[in-house]
Amino acid sequence: MTRPSHHALRSALPIILGAGLFVLGLYALYHLLKPVNPADVAAQIRATPVSALAAALGATAIGYVALVCYDWFGLRFIGKTLDRGVVALGGFLGYAFGNTIGVSVVSGGAVRYRIYSAVGLNAFEVAAVSGYIAIALGTGLTLVGVAALALHPGAVGALLPYAPSTIQSVAAATSVLSVALIAWMSATQRSLSVRGYELRIPPPADLAGQLAVTLIDIAAASFALWVLLPAGKPDYTTFVAVYAAATMIGVLSHVPGGVGVFETVVIGTLPASVPAGDAAAALLVFRLVYYLVPFALAFLLVALNELRLASGIGGRLLARSPALKPAFATLHGFSPGLVAAVAFGFGAWLLLITMLPSVRAEAMAEGDLVGTLLLEGGTLASAVAGVGLIIVSHGLARRVSSAWWFAIGALGTGAVASLLNDYGFENAAFLGAGALLLLPFRNAFDRPGRLTAGVFDLAWFATVTGAFLAAAAFFFFVHKTVPYSNDLWSEFSRDSNTPRALRAGLAATAVLFFFGIYLLTRPIRRTPPGDARQEDSAHVAALCAGAEDPLAWLSQTGDKRVLLSASGTAFIMYAVRGGSWIALGDPVGDPTEFEALVSSFVDQAAQSNARPVFYEVSDRHLPLWVELGLTLHKVGEEAVVRLAEFSLAGGRFKAMRAAMNRRRRDGYEFAVLPAPHAPDLIAELRAVSDAWLGGKTGREKGFSVGRFDPDYLGRFDIPVVRKDGRIVAFANILASRRGKHLAVDLMRYLPEESSGLMEYMFLSLIDHYKALGAAEFSLGTAPLSGLSERSVARSWNRFGRLIYRHGGAFYNFEGLRAFKQKFAPDWRPRYLALPPSLSPMRAMGDVALLIAGSARGLIAK
């Protein structure tokens, strides 16, 4: 198996495994509930005591307070302190969205990154907090569950093929040894190495606090379900073991919220004295209380924030808490993904309610043709609206304006269909409220585009398939008493509940089927957008002059295309190699345009059956790549000299001062020649360039560096070094922000003058531009520098380190970094941003060929 296909399989494996476990969970749950009457489940839900609901809601509130404390202890663990309001906001939203959805831009980690990065934490610190929370939750659930089994070994006896005495002994020994190991590591502050991971335990005081929080969390969550269970349930302490085991299995399944898996384990371990139907009713109410109520509150909070941004309402209240202002400002960023998830949920809900028998039919007169047609039409409309919402959720995630309008219309259609179908005033009000809650999010959907544009990947199809399988399982559960016959398809009457549900399911499946056929057969546009002839060069050059990164000027080399934003105030420069569209550096221009621009680039690459690759992006816009679902791989470090702080004074630079003075005594002269340049000068520079290239084993590079081209060089200042009136070395300087940010690009010198000449030129350049008031001077990137050496690092890091150390026959990686280190620069990371399914080695292969121009060019030093 090739490495790219292995990488793709490894990326798809969690999705396939999660989908498989979800299907098995649905099958097992259907089997457990087969003898249950759906009407009995509905009656049990309606009969739930108010006191039990109040107790479950109270336990949920306590549980979520405890969950927020995980964030607080995680921040203490990494030595960071944040405002309590920020921690409460990040923790609550992270758990409310992560527990219910748990995918993409609305996962707990993504939400925390948004909020905590806005108040000063970097990506690695947020990742450390998320890792702490995951380990604390997993360890706490496991230990509490194992300890509960030691006390009540029969709690999950039906799931384990061992005697209760064996379960009790193993659980007790495991609990004692685990607690002893954790206590010893905490007291001694020693770390434990597990397959290269260094695990460290918080000090005793923090460990005790974390233990208390974990016990409160598990006790509250398990109590919220236990109090809803009917008579005959196990005692509370026994049920804790059942809850812990079911939760852990649900987490390991990778199914969002453990839906289906969690319920199967709980029902399968309850005593026979608990009716399965009553247990199912309790589990449904628990899902509503513990998951959907916090999710609804969190969604309402984000909706109110969107309303505040759009109207200014509540601005004064937020002004009283300045620490919260940047945190709330970040909520707008994950609004599209959140709305997409909500629309998908409404779509799945509409599919499910079309499977329910109609109550209205009982009130209709026999032969009421109009009523029958309305009933039939309402059911079909609900099914089609549900499928439409599921399909359009992908467009909402991409912030497509028409997708938002379609979602509002589909929710309205579903509300009207509910009234026609079953006089379902409650359901119509629910859908109408959903449409109203989406209204404040209007400004989050500002991109033009087709609803069907973009990439529908394996995860999306797996999620859609799961929703349809759930609807199918629900249909068979509700209508299991009706024997199947072909006559059901053509039966139209007031009592034809099963035929109506069958036809609605067929309509929904047909809509999705034909949509899939359209996606598979639509023409692929293979011509990349952008103007390869650079007719908009003047406009792009104006954007480069004001760019934050002077490397934006590499857009003018003539070997790249340019994709402009809709407003023309930002652009991406890129080139095509094989099946990859390779963008260079960060987007340039107005930062508010970057997200839409990058999304457009990714979508258009996908439409052309190409791979989007972002090479040498900086750490300035890390949230952008994270929000778009791209993965980051470090490819090197840029050396940037802070000119205001640089000085040759002191013993550290003694040798460099001596070398520079020696060059001056030997007759070397430095000068900066402003653009434009005379033809005679260009001819003299070409002679130096040709001599420099003649000493190399390959041809001139491109894409990520400039090349000798009179039109290109004519845009920039050219520093030269002369000896005896003859130019022996030159470079060109890229400048942005009115000369405040500078970078050296092309560097050429006569081969016989190589010793120490570039060092003299760099020092002269630093002195020259420091005197002019420039702020920063970039010496360029050291490829493959700074990659992690940890044994648990990604395979790309290990491979990159190997090339960095032993690739001297092709390129002097270590020597280049050592040379730039002489100038005491700041080392700033540069990354490769890719879709998760794309192997970084494959992408870097295309990048290397693009830079070298050919396979032969790869061997050039």
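Residues numbered from 1 in each chain as written. Predicted model: local features only at pLDDT ≥ 70, side-chain atom pairs only at ≥ 80, totals over all residues. Heavy atoms only, no water.

This paragraph deals with the overall build of the protein. Summing up its helical and strand segments, the protein has 30 helices and 14 strands in all. Among the 861 residues that make up the protein, the fraction classed as buried is 49%. Looking at the protein as shown, the accessible area adds up to about 38700 Å², and 64% of this sits on carbon and sulfur atoms. (Helix = DSSP H or I, 4+ residues; strand = E, 2+ residues; numbered from the N terminus. Buried < 20%, exposed > 50% of the residue type's maximum accessible area, 1.4 Å probe, protein only. Areas by Shrake-Rupley, 256 points an atom, 1.4 Å probe, with all protein chains shown as cover.)

The next subject is unusual backbone geometry. The omega torsion across Ala 675 and Pro 676 is -5°, close enough to zero to call that bond cis. Positionally, Pro 676 belongs in the loop between strand 9 (668–673) and helix 25 (679–694). Here Glu 616, not a glycine, exhibits a phi torsion of approximately 60°, which is positive. Note on Glu 616: relative accessible area 11%, which makes it buried. Positive phi, normally seen in glycine, also occurs at Phe 703, with a value near 65°. For Phe 703, the position within the fold is in the loop between helix 25 and helix 26 (710–713).

Glancing now at the pairing of strand 14 (residues 826–834). Remember that side chains alternate between the two faces of the sheet whenever the strand is regular. A large share of strand 14 lies buried, amounting to eight of its nine residues. Bridging between strand 7 (residues 611–617) and strand 14 involves three bridges; their strand directions are antiparallel. Among the inter-strand pairings, Phe 614 is bridged to a residue of strand 14, identified as Ala 833. Bridge analysis of strand 8 (residues 631–642) against strand 14 gives nine bridges, and the strand direction is antiparallel. By the bridge assignment, Ala 639 is partnered in strand 14 with Trp 827. (Pairing = 2+ DSSP bridges.)

All right, on to the pattern of salt bridges then. A side chain of one charge can pair with a side chain of the opposite charge if their charged atoms are brought near each other. Inspection of the entire model under this criterion finds 15 salt bridges. Put simply, Asp 826 and Arg 642 hold a salt bridge, and the shortest N to O gap is 2.5 Å. Remark: Arg 642 occurs in strand 8 and Asp 826 occurs in strand 14; sequence separation between them is 184 residues. Residue Arg 642 is classed as partly exposed on the basis of its relative accessible area of 37%. Between Arg 828 and Glu 776 there is a salt bridge, with its nearest N and O atoms 2.9 Å apart. With Arg 828 in strand 14 and Glu 776 in strand 13 (residues 776–783), this pair connects stretches of sequence that are 52 residues apart. (Salt bridge = Lys/Arg side-chain N within 4 Å of Asp/Glu carboxyl O.)

Our next topic: the environment of Gly 546. In this fold, Gly 546 is placed in the loop between helix 21 (537–545) and strand 3 (561–564). According to the relative accessible area criterion, Gly 546 is partly exposed, its value standing at 46%. In this structure, the C-alpha to C-alpha distance between Gly 546 and Val 588, residues 42 residues apart in sequence, is 9.0 Å.

Quick look at the environment of Glu 263 now. Structurally, the position occupied by Glu 263 is in helix 10 (residues 261–269). Since its relative accessible area comes to 9%, Glu 263 is described here as buried. Taking C-alpha positions, Glu 263 is 9.5 Å from Thr 247, a pair spaced 16 residues apart along the chain.

Two strands pair when backbone bridges link them, and strand 9 and strand 10 (residues 718–723) are joined in this way by six bridges, in the antiparallel orientation. Along strand 10, the bridge assignment pairs Phe 670 with Val 721. For strand 10 and strand 11 (residues 726–736), the ladder comprises four bridges, and the chain directions are antiparallel. Opposite Lys 723, over in strand 11, you have Arg 726 as the bridge partner. A loop of two residues connects strand 10 with strand 11, the two strands running antiparallel in sequence, and Asp 724 in this loop sits at a positive phi of about 55°.

It is worth spelling out the packing of helix 5 (residues 108–117) against helix 6 (residues 123–151) at this point. Each pair of packed helices gets described by two things: the angle between the helix axes and the distance between those axes. Helix 6 packs onto helix 5 with a crossing angle of 135° between their chain directions and a minimal axis gap of 10 Å. Relative to helix 6, helix 5 is oriented oblique. Helix-helix and strand crossings are classified by hand; for helix 5 and helix 6 the assignment is right-handed. Packed against helix 5, whose contacting residues are Gly 109, Arg 112, Tyr 113, Tyr 116 and Ser 117, the element helix 6 presents Ala 123, Val 126, Ser 130 and Ile 133 at the interface. By residue class, the composition of the contact of helix 5 with helix 6 is five nonpolar, three polar and one charged. (Axes fitted to C-alpha atoms, helices over the stretch in contact; angles between N-to-C directions. Parallel < 35°, antiparallel > 145°, perpendicular 65-115°, else oblique. Left-handed = near helix turned anticlockwise from the far one by under 90°. Contact = heavy atoms within 4.5 Å. Nonpolar A, V, L, I, M, F, W, Y, C, P; charged D, E, K, R; others polar.)

Quick look at the packing of aromatic side chains now. The full count for this structure, using the stated rule, is 28 aromatic pairs. Between Phe 295 and Phe 299 the ring centres are 6.5 Å apart and the planes differ by 10°, which places this aromatic pair in the stacked class. Linking Phe 295 with Phe 299, this pair stays in helix 11 (residues 276–311), spanning four residues, or about one helical turn. Like Phe 295, the residue Phe 299 is buried in the burial classification. Among the aromatic residues, those joined into a ring-pair cluster are Tyr 64, Phe 92, Tyr 243, Phe 286, Tyr 290 and Tyr 291. Lying over the aromatic face of Tyr 668, Arg 663 brings its terminal NZ or CZ to 4.6 Å of the ring centre. (Phe/Tyr/Trp six-rings, centres within 6.5 Å; stacked < 30°, edge-to-face > 60°. Lys NZ or Arg CZ within 6 Å of the ring centre and 35° of its normal.)

We now examine a nonpolar patch on the surface. Taken together, the side chains of Ile 135, Leu 181, Trp 184, Leu 192 and Leu 199 present a nonpolar region at the surface, about 430 Å² in accessible area. Turning to its location among the elements, Trp 184 is positioned in helix 7 (residues 164–188). What makes Trp 184 partly exposed here is its relative accessible area of 42%. (Patch = residues over 30% accessible without salt bridge, like charges linked within 9 Å, V, L, I, M, F, W, Y side chains within 5 Å.)

A general tendency of soluble globular proteins is for nonpolar side chains to be buried together. Grouped together as the largest cluster of nonpolar side chains are 113 residues, with contacts concentrated most on Leu 396 and Phe 614. A per-element tally of this core places helix 11 first, with 13 residues. Filtering out sequence-adjacent residues up to four positions away, Leu 396 remains in contact with Pro 336, Val 339, Ala 340, Ala 343, Ala 403, Trp 404, Ala 407 and Phe 445. Phe 703, Tyr 712, Phe 730 and Leu 838 belong to the second largest nonpolar core, which has 79 residues in total. (Core = buried A, V, L, I, M, F, W, Y, C linked by side-chain atoms within 4.5 Å.)

Let's shift gears to the confidence of the model for the protein. On average, residues of the protein carry a pLDDT of 78, and 78% of them reach 70 or more. No element of the protein has a lower mean pLDDT than helix 28 (residues 795–806), at 44, and none a higher one than helix 3 (residues 50–77), at 93. Predicted confidence for residues 359–365 stays below pLDDT 50, and this span has 17 contacts to residues more than four positions away or in other chains. Overall, residues 788–811 carries pLDDT values under 50, and its contacts beyond four positions in sequence, including any with other chains, amount to 50 contacts. (pLDDT = per-residue confidence, 0-100.)

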